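Structural overview
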Amino acid sequence: MKAIRLTRIGEPLEMADVPTPTPGPLDALVAVQAAGVCHSDVHYRAGASPAGLLPLTLGHEVAGTVAAVGDEVTGWAPGDRVCLHYLLTCGHCRYCDAGREQFCVQGAMIGKHRDGGYAEYIALPARSLFHLPEEIPFEHGAVLMCSSATSFHALRQARLSAGESVAVFGVGGLGISAVQLARAYGAGQVFAVDLQPNKLSLAERLGAVPVDASAGDPVAELKRLTGGRGVDVALELIGLPQTMEQAFKSLAIRGRAAIAGISNRSFEVAPYADLINREAEIIGVSDHLAQEIPLLLEWTRGGQLDLGAAVTETIPLEAGAVNQALDRLANFGETVRTVILP
Ligand SMILES: [Zn+2]
Ligand SMILES: [Zn+2]
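Below you will find a few notes about this structure. (Residues numbered from 1 in each chain as written. Chains lettered and ligands numbered in written order. Predicted model: local features only at pLDDT ≥ 70, side-chain atom pairs only at ≥ 80, totals over all residues. Heavy atoms only, no water.)

Strand order in the open sheet formed by 6 strands is β13-β12-β11-β14-β15-β16, with parallel pairing between adjacent strands. Of all the strands in the sheet, just β13 (209-212) and β16 (281-284) have a single pairing partner and so form its edges. On average, each strand axis in the sheet is tilted by 20° relative to the strand beside it, whichever way the strands run. Relative to strand β12 (residues 190-194), strand β11 (residues 166-169) runs parallel, the two sharing 4 bridges. Opposite Ala167, over in β12, you have Phe191 as the bridge partner. (Pairing = 2+ DSSP bridges. Helix = DSSP H or I, 4+ residues; strand = E, 2+ residues; numbered from the N terminus. Axes fitted to C-alpha atoms, helices over the stretch in contact; angles between N-to-C directions.)

Written as structure tokens, this is what we have:
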């Protein structure tokens, strides 16, 4: 089968002809129908975030149809429409038991620690399959499993409650979902901070108040828009120290900043003025939980979460097209989400 693989850190991905995987007794073989190109993949390719042993097939946002199942798998049959929970977990360690399975001691992620979905087929434990309703296209099912799920987890980590104000920093793959999910949650005002005019107008169409960070300090603008108070919840979905600092500084008293963008660079916190004096919180967001996926699928089927705006481009399973999509993400280009349709 065809697979697009990372063979050397810092180099473009390469097309390879590899054996179609054979599912183990508890596994399913899934024919990939859609695989999202994620900003995390930019980090794996660049070596900014360590991936597993190379060569490795990237791709962790995957939807498809069941092609075959192992002898001990029940409840799934060839032809079933599925989307894949990318975290493979043991189900019985202290973190799995506590419902924090993203920290599972044996946790592995498809497209990072083992071969992912930039391929014609993928084999994985059948317990990672979720039924994808007919009403949800494969490309939406794919991006749902990373960007939407992580946005949803970020809002839960931030303990958003109805009526609270939210600022979403970065209207990319995660931000498009975050704006809609915040509204589905019953948030009060939702603000969307970005530099790109097309992303700001998209956020506005989805019901957010756009805040153009190219026009001036977004912290001052958010304070102005909230009558000097600041926002209850800020989500940082970009991964830049500057926007993390802005997200934190834009908080109201007892506000929570949930950081999901990936960076290892430091950002500044003024302990008295910004943290202590406001009892503000900075909260890390790592992946998401399997238990969060059914409600996301339900909201997508019901239309509260419309991913039509999130998937802006589809490309074939070709190394050149995938590398170009990764390059655009690396440069924070205008494309919100590119999905590979093998
Ligand atoms: Zn992703
Ligand atoms: Zn575990």
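Let us keep going from here.
Turning to helix α4 (residues 173-184), a few remarks are in order. The terminal C-alpha atoms of α4, which comprises 12 residues, lie 17 Å apart, in line with the 16 Å expected from a rise of 1.5 Å per residue. Here α4 lies mainly inside the structure; 10 of its 12 residues are buried. Along α4, the residues classified as buried are Gly173, Leu174, Gly175, Ile176, Ser177, Ala178, Val179, Gln180, Leu181 and Ala182. Each element contacted by the buried residues of α4 is listed here: α3 (138-157), β11, β12, α5 (197-205), β14 (231-236) and α9 (293-302). Trailing α4 by a residue or two, Gly186 shows a phi angle of about 90°, which is positive. (Expected span 1.5 Å × (residues − 1). Buried < 20%, exposed > 50% of the residue type's maximum accessible area, 1.4 Å probe, protein only. Contact = heavy atoms within 4.5 Å.)

To continue, consider unusual backbone geometry. Cis geometry is found at the peptide bond from Leu54 to Pro55, where omega equals -5°. Inspection of the secondary structure puts Pro55 in the loop between α1 (39-46) and β4 (56-57). A positive phi angle, close to 55°, is found at Arg159, a residue other than glycine.

Before going further, it helps to spend a moment on the coordination of the zinc ion (ligand 2). Ligation of the zinc ion (ligand 2) by protein atoms is provided by Cys90 (SG), Cys93 (SG), Cys96 (SG) and Cys104 (SG), these donors lying 2.3 to 2.4 Å from the ion. Angles of 102 to 116° at the metal separate the 4 donor atoms of the zinc ion (ligand 2), which places the site in the tetrahedral class. When the donor residues of the zinc ion (ligand 2) are listed from N- to C-terminus, their spacing reads C-x2-C-x2-C-x7-C. (Donors = N, O, S within 2.8 Å, 3.2 Å for Na, K, Ca; no water. Tetrahedral: all angles 85-135°; square planar, octahedral: opposite > 155°, others 65-115°.)

Our focus in this paragraph is helix α7 (residues 241-249). Among the residues of α7, Pro241, Thr243, Met244, Gln246, Ala247 and Phe248 are the ones counted as buried. Where α7 is buried, its residues touch β11, α6 (218-225), β14, β15 (251-259), α8 (271-276) and β16.

Packing of α3 against α9 leaves a shortest axis separation of 10 Å and a crossing angle of 105°. With respect to α9, the element α3 is oriented roughly perpendicular. Of α9, the residues touching α3 (which contributes Leu144, Met145, Ser148, Ala149 and Phe152) are Ile293, Leu295, Leu296, Leu297, Trp299 and Thr300. Looking at the contact of α3 with α9 residue by residue, the classes come out as 9 nonpolar, 2 polar and no charged. (Parallel < 35°, antiparallel > 145°, perpendicular 65-115°, else oblique. Nonpolar A, V, L, I, M, F, W, Y, C, P; charged D, E, K, R; others polar.)

Under the defined criterion, the tally for this structure stands at 4 aromatic pairs. With a centroid separation of 6.0 Å and 40° between ring planes, the pair formed by Phe152 and Tyr185 is classed as tilted. Residue Phe152 is found in helix α3, and its partner Tyr185 is found in the loop between α4 and β12; the two are separated by 33 residues along the sequence. Overall, Tyr185 belongs to the partly exposed group, its relative accessible area being 25%. Here the guanidinium or amino end of Arg81 rests over the ring plane of Phe138, the centre of that ring lying 4.3 Å away. Over the aromatic face of Phe248 sits the side chain of Arg278, whose NZ or CZ is 5.5 Å from the ring centroid. (Phe/Tyr/Trp six-rings, centres within 6.5 Å; stacked < 30°, edge-to-face > 60°. Lys NZ or Arg CZ within 6 Å of the ring centre and 35° of its normal.)

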